[in-house]
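Breakdown of the fold
Each chain is listed here by its residues.
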Amino acid sequence: MKKTLVWMLSLMLVLCSAAFAEETAVTPDENTFFAEDNWFPTGKLEMNTATEYDLDGDGTMETVSWKEEAVDEYDNEVVLTVEKDGAKAEYRSGMIFMEGVAVYDLDGDGTFEIFITGDEMSSDYFTVALHYADGQLTKLDFANVDRGDENTGYHDYGYGYITGLGENALYLNGSQDVLGTYFGWRAFTLKDGRFETCDDGLWHFDRDLEDADTWDWGCLTVKQEAKATFQNEGKESEGALQVGDKLVITASDKATRAYFETQDGRQGYLEIAPNAEQGWGWLVNGVSENDVFEIVPYAD
């Protein structure tokens, strides 16, 4: 599974480079693919430890540190502090769990980004990126890729937690609801002071096709024949999924297509559309997802 994800990260880095010709594509390695228990192989800041960086590229070092501070009886927040010449700038994250903090010059312009990433509540992951200049900390905007949103405009946070960090390529992982609820990633690049998506427009979901549990309870089982487009070695052909077929959703644009792989290794996509009459969920070829599949595994 990790090899598959690394290959996809390679593809995304190439796409980022193609979208912005001035960027140089890099080959993913241990610094651009992160295990769940190692958020930042590069630039990670340990809690309660002061580290020096020239954050703004003016030739003078700033001291960066962070700590946890109680919000209430049960919850904590990250308090990040930058000190320079006796003056302090502070940023408070608000409620956060499983937090990670890093300093990294994503686009190589000599100005460092400070990243704070974690879980707000119930697997609602977010990432904040900060710039330090003139004694102040300022949030950078991210293209909106939120869960259950039409994804227009920008937010002052990125949706998801960081799973990859390379040369002007940032990968955020969060959950989406497309024929079930799945965690997946999008790629971003820093351009003109804000984070823009730089990928193929798809959420790529983290599905382990070699895990028996995926096919026991993490898949969709067809209960009504469903028209599908199959893909094989760059060629497409029209066909249908048959009653009893098992498949997992591997990617989606959250609008018109849901990509899948079947238990017997066939790949392709389904035509989908929001179920406007119901107000939530999806239609598959104009038919309710609940009529096409036995169980659709949505999470709250």
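Note that the structure is predicted; figures quoted are calculated from it, not measured. Each chain has its residues counted from 1, running along the sequence as written. Only residues with pLDDT of at least 70 are given local features in this predicted model, and only at 80 or more are side-chain atom pairs given and counted; all residues enter the totals for whole chains, interfaces and linings. Each side-chain value is derived from all of the structure's non-hydrogen atoms; neither hydrogens nor water enter the calculation.

Before going further, it helps to examine the sheet that holds strand β1 (residues 51-53). Spatially, β1-β2-β3-β4 is the arrangement adopted by the four strands of the open sheet, whose pairing is antiparallel. Either end of the sheet is taken by a strand with one partner, and the two such strands are β1 and β4 (87-95). Put simply, the sheet's adjacent strands are angled 30° from each other on average, direction ignored. For two strands to pair, DSSP has to find at least two bridges joining them. In this text, helices come from DSSP runs of H or I with a minimum length of four residues, and strands from runs of E with a minimum of two, each type numbered from the N-terminal end. For strand β3 (residues 76-84) and β4, the ladder comprises seven bridges, and the chain directions are antiparallel. For Glu77, the partnering residue across the bridge sits in β4 and is Met95. The axes used here are C-alpha line fits, helices contributing only the stretch in contact, and every angle between their N-to-C directions lies in the interval 0 to 180 degrees.

The term salt bridge refers to a pairing of a side-chain nitrogen on Lys or Arg with a carboxyl oxygen on Asp or Glu at a separation within 4 Å. Scanning the model with the defined rule gives 13 salt bridges in all. One salt bridge connects Glu69 with Lys67, and the closest N-O pair in it is separated by 3.5 Å. Under the scheme applied here, a residue whose accessible area is under 20% of the maximum for its type counts as buried, over 50% as exposed, and between as partly exposed, the area being computed with a 1.4 Å probe on protein chains only. Given a relative accessible area of 37%, Lys67 falls into the partly exposed group. In this structure, Lys139 engages Asp156 in a salt bridge whose closest nitrogen and oxygen atoms are separated by 3.5 Å. Of this pair, Lys139 sits in strand β8 (residues 136-139) while Asp156 sits in the loop between β10 (154-155) and β11 (158-159); the two residues are 17 residues apart in sequence, bridging distant segments of the chain. Looking at Asp156, the relative accessible area reads 35%, which means it is partly exposed. Residues joined in a network through salt bridges with shared partners are Lys67, Glu69, Glu77, Glu90 and Arg92.

Pairs were defined over the aromatic rings of Phe, Tyr and Trp, the Trp ring being its six-membered one, requiring ring centres within 6.5 Å. Orientation was assigned from the angle between planes: stacked under 30 degrees, edge-to-face over 60, tilted for the rest. Inspection of every chain in the model, using the stated rule, returns 12 aromatic pairs. Ring centres of Phe142 and Phe195 lie 4.4 Å apart, and the angle between their planes is 10°; on these two criteria the pair is classed as stacked. Of the two residues, Phe142 is situated in strand β9 (residues 141-143) and Phe195 in strand β15 (residues 194-197); the sequence distance between them amounts to 53 residues. Residue Phe142 shares its accessibility class with Phe195, and that shared class is buried.

Another aspect to go through is the confidence of the model for the chain. Caution is warranted with low-pLDDT regions, since their predicted coordinates should not be read in detail. Looking at the chain, pLDDT values average 86 and 86% of them are 70 or higher. Of the regions scoring below 50 in pLDDT, residues 1-15 engages in 32 contacts with residues more than four places distant in sequence or in other chains. Scored from 0 to 100, pLDDT records how confident the predictor is in each individual residue. Whether two residues touch is decided by their heavy atoms; if any such pair falls within 4.5 Å, the residues are in contact.

It is worth spelling out a nonpolar patch on the surface at this point. What makes a patch is a set of residues exposed beyond 30% relative accessible area and free of salt bridges, joined within 9 Å when like-charged and within 5 Å when nonpolar (Val, Leu, Ile, Met, Phe, Trp, Tyr). Values of accessible area rely on a 1.4 Å probe in the Shrake-Rupley scheme; residue burial ignores everything except the protein chains shown. There is a patch of nonpolar side chains on the surface, built from Phe97, Met98 and Met121 and spanning about 280 Å² of accessible area. Mapping Met121 onto the fold places it in the loop between β6 (113-119) and β7 (125-133). Met121 sits in the partly exposed class, given a relative accessible area of 42%.

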